[in-house]
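Coordinate analysis (summary)
Chain residues, written in single-letter form:
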Amino acid sequence: MRNRYLIANWKMNLPPEGMRPYLDAVGRAEMNDVEIVVAPPFPYLRDVTRAPDRIFAGAQNCADQKSGAFTGEVSAWMLQELGVRYALVGHSERRALYGETDALLQRKLTAALEANLTPVLCVGEDLRVREAGHVARHLAEQIRAVTTPALESAREVVIAYEPVWAIGTGRSASGAMVAETVADIRDALARFWPVRYRDDAPILYGGSVTPDNVTDLQTNGGMDGYLVGGASLSSEKFLAIFDAMKVS
Ligand code: 13P
């Protein structure tokens, strides 16, 4: 049985309803087997670590180094010490807007694992790649490029499939499309990573997930969870997505 996750990526935003009311509302969600992770901007991580028990804190990024003269960076070890459990690695906004390369992401993945954080590795193709029919090859390359010896002894790595063309566009992938891509990702995991990841790695979907489209993704996509941006800023919408995961 793979773990199931629902992750709120607030990006550089706070919930309009206020962080405390948001965390209280989400903390009152009825228990089920889905782990709820909230990834706020760095200064708010401590608040999330102190939120109701069933909410875990995730960082949106971490440094590739443990400590030292790296102005502006936050290390995975510092996050771990703060009580953070998860760290996004390679979000497409980091890759595209901040020039994060595969080599850097390989070091970040290694750092997160060595610090005992559970990394959430984000992969995804842009529209050009999809239209050219190269999705499987592109995702396999993103997975191969970050392979690290630290994977051998890691407890868990979560994969977030986030097609770039679906992020923040209101244009979500369909469940059927995602199911096909998940199979491609599992093939790549078996080829390039210790083979157990093929079956063990939870694969989440992200890209314009809302309470309206989550049922299709859940029923036809076979996802282990979701990485939600825009809709995660409202506790009501976030909980509606959570509820849709419960019935499957
Ligand atoms: P949206 O849900 O706003 O499309 O963002 C997805 C995302 O990038 C989550 O990491």
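Details of the structure are given in the entry above.
As a starting point, this report considers the structure included with it. (Residues numbered from 1 in each chain as written. Predicted model: local features only at pLDDT ≥ 70, side-chain atom pairs only at ≥ 80, totals over all residues. Heavy atoms only, no water.)

A few words on the pattern of salt bridges. Scanning all chains against the criterion turns up 12 salt bridges. Between Arg 144 and Glu 141 there is a salt bridge whose closest N-O contact spans 2.7 Å. With Arg 144 and Glu 141 both in helix H7 (residues 135-145) and three residues apart, this pair spans about one turn of that helix. Here Asp 224 makes a salt bridge to Arg 186, at a shortest N to O gap of 3.2 Å. (Salt bridge = Lys/Arg side-chain N within 4 Å of Asp/Glu carboxyl O. Helix = DSSP H or I, 4+ residues; strand = E, 2+ residues; numbered from the N terminus.)

To continue, consider unusual backbone geometry. What you tend to see is this: most non-glycine residues have negative phi, and most peptide bonds are trans. Backbone geometry places Asn 116, a non-glycine residue, at a positive phi of 70°. A positive phi angle, near 55°, is found at Ser 208, a position not held by glycine. Turning to its location among the elements, Ser 208 is positioned in the loop between strand S7 (203-205) and helix H10 (214-221).

Once that is clear, we can look at the pairing of strand S6 (residues 158-161). A regular strand carries its side chains on alternate faces of the sheet. The side-chain alternation of S6 yields two buried faces, one formed by Val 158 and Ala 160 and the other by Ile 159 and Tyr 161. Where strand S5 (residues 118-123) and S6 come together, four bridges link them in parallel fashion. Among the inter-strand pairings, Val 123 is bridged to a residue of S6, identified as Tyr 161. Two elements, S6 and S7, share three bridges in a ladder whose sense is parallel. Following the sheet pairing, Tyr 161 is matched in S7 by Tyr 205. (Buried < 20%, exposed > 50% of the residue type's maximum accessible area, 1.4 Å probe, protein only. Pairing = 2+ DSSP bridges.)

All told, the structure shown has five aromatic pairs when counted by the stated rule. Residues Trp 10 and Tyr 22 carry aromatic rings whose centres are separated by 5.0 Å and whose planes lie at 90° to one another, so their mutual orientation is edge-to-face. One end of the pair, Trp 10, is in the loop between strand S1 (4-9) and helix H1 (19-27); the other, Tyr 22, is in helix H1, with 12 residues separating them in the sequence. Residue Trp 10 is classed as buried on the basis of its relative accessible area, which comes to 0%. Among the residues examined, Tyr 22 registers a relative accessible area of 0% and is labelled buried. Here a set of aromatic residues connected by ring pairs shows up, and it is made of Trp 10, Tyr 22 and Phe 238. (Phe/Tyr/Trp six-rings, centres within 6.5 Å; stacked < 30°, edge-to-face > 60°.)

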